[in-house]
Amino acid sequence: MKDLISNQLVKYLEARGVKHVFGLCGHTNIAVLAALSKSRKIKFVNTRHEQIAAHAADGYARATKKASVLLSHLSPGLTNAATGVANAALDSIPMVVIAGDVPTHYYGKHPHQEVNLHADASQYEIYRPFVKRAWRVDSPHLFPEIIEKAFTLAESGRPGPVLVDVPMDIFSKEIDVALWKRALANAKALHKPSLDEATAPPTPEPSFEDWPTRAEMPPAGESPTPTESGGATPEPPPTVAAQPQPPPPTVMNASCAAVPGEPAGWTRRVTSTFDETT
């Protein structure tokens, strides 16, 4: 059994528990909007500007603790949303950006609003510097696998936004429903041990009873040192070892009669410094 990718995408979002999709309409995502109009579980939040939609999706993800969904038009719509998506990336906010693009059979033919600065239909490269990953769907049968990876990557590890760039004609292609059922069979909830209270219990708040009294506090000018009981004792001042002092000079009189060139009986003062211990 086959169905349109746009219809199956909406069913996939419903199965994931997505309740709101933020964005702005455009001719490249009109097929998804037509499928969303038939959904009773998902509300499309239409805004006046793509940047507003991106910031709204950012705030929605912060409140729900789950990846939000942003539906964008191609080229100017995607660049308008870049500010909000980059803000989510800097704050590690999970977000899945689904952007329409020019049809695959118009790659390199300069259709309306194509981004081909370095390559044909390369608008997804604009988001590469700040998203966790950017995909461009070139084969319809790979779309279910890519969108599943996008949600998993956005919410795993360090959360952040991802981009799924979809050419306009891919939304209107039909693929086997079994490909989507295979994606829905994967786990949708990630267990993070670092956030598990059993693995990492929260630190208890200190009480006033644990604080030292005035009598237990060290005098001013003395730094406390921790003890095994958890209290504090004043640290004794460091002991400075006495430095050895040189002995004072010794003055003595000596007869210099034996010194050549000096008269007999001549007396001179001799000053010498010596260590009496030697």
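Here's a quick rundown of the structure.

Reading guide: rules and limits
- Residues numbered from 1 in each chain as written.
- Predicted model: local features only at pLDDT ≥ 70, side-chain atom pairs only at ≥ 80, totals over all residues.
- Heavy atoms only, no water.
- Salt bridge = Lys/Arg side-chain N within 4 Å of Asp/Glu carboxyl O.
- Helix = DSSP H or I, 4+ residues; strand = E, 2+ residues; numbered from the N terminus.
- Buried < 20%, exposed > 50% of the residue type's maximum accessible area, 1.4 Å probe, protein only.
- Axes fitted to C-alpha atoms, helices over the stretch in contact; angles between N-to-C directions.
- Parallel < 35°, antiparallel > 145°, perpendicular 65-115°, else oblique.
- Left-handed = near helix turned anticlockwise from the far one by under 90°.
- Contact = heavy atoms within 4.5 Å.
- Polar contact = N/O pair within 3.5 Å; in protein donor to acceptor, adjacent residues only side chain to side chain.
- Pairing = 2+ DSSP bridges.
- Phe/Tyr/Trp six-rings, centres within 6.5 Å; stacked < 30°, edge-to-face > 60°.

Comments concerning the pattern of salt bridges
Inference 1: Evaluation of the coordinates by the stated rule reveals eight salt bridges.
Inference 2: In this structure, Asp91 and Arg62 form a salt bridge, with 2.7 Å as the shortest nitrogen-oxygen distance. Residue Asp91 is found in the loop between helix H5 (82–90) and strand S5 (95–101), and its partner Arg62 is found in helix H3 (residues 50–64); the two are separated by 29 residues along the sequence.
Inference 3: Given a relative accessible area of 34%, Arg62 falls into the partly exposed group.
Inference 4: Lys149 serves as the salt-bridge partner of Glu145, at 3.2 Å between the closest nitrogen and oxygen. Residue Glu145 and its partner Lys149 are located together in helix H6 (residues 143–155), separated by four residues, close to a single helical turn.

Looking at helix H1 (residues 5–15)
Inference 1: The element H1 is extensively covered by neighbouring structure, given that eight of its eleven residues are classed as buried.
Inference 2: Looking only at H1, the buried set comprises Ile5, Ser6, Asn7, Gln8, Leu9, Val10, Tyr12 and Leu13.
Inference 3: The first or second residue beyond H1 is Gly17, which carries a positive phi of 90 degrees.

Focus on the packing of H1 against H6
Inference 1: One can describe the packing of H1 onto H6 by two numbers: an axis separation of 11 Å at closest approach and a directional angle of 30 degrees. Taken together, the axes of H1 and H6 are roughly parallel relative to one another. Relative to H6, the crossing made by H1 is right-handed. For the pair H1 and H6, the contacting residues are Ile5, Leu9, Tyr12 and Leu13 in the first and Phe143, Ile147, Glu148 and Phe151 in the second.

Focus on the side chain of Asp3
Inference 1: Tracing the sequence through the fold places Asp3 in strand S1 (residues 2–4).
Inference 2: Polar contacts involving the side chain of Asp3 include one to the side chain of Asn7, which spans 3.4 Å.
Inference 3: Not counting residues up to four positions away in its chain, the partners in contact with Asp3 are Gln8, Lys11, Lys173, Glu174, Ile175 and Val177.

A closer look at the pairing of strand S3 (residues 43–46)
Inference 1: As judged from the four bridges shared by strand S2 (residues 20–23) and S3, these two strands associate in the parallel manner. Along S3, the bridge assignment pairs His20 with Lys43.

Description of the packing of aromatic side chains
Inference 1: Here the structure, examined in full by the defined rule, presents six aromatic pairs.
Inference 2: Taken together, a centroid distance of 5.7 Å and an interplanar angle of 55 degrees make the contact between Tyr12 and Trp180 tilted. In this pair, Tyr12 sits in helix H1 while Trp180 sits in helix H8 (residues 177–184), placing the two residues 168 residues apart along the sequence.
Inference 3: Given a relative accessible area of 1%, Tyr12 falls into the buried group.
Inference 4: Between Tyr127 and Phe130, the aromatic rings sit 4.9 Å apart at their centres with planes inclined by 45 degrees, giving tilted as the arrangement.
Inference 5: Given a relative accessible area of 23%, Phe130 falls into the partly exposed group.
Inference 6: An aromatic cluster of at least three residues, connected via ring pairs, comprises Tyr12, Phe143, Phe151, Phe171 and Trp180.

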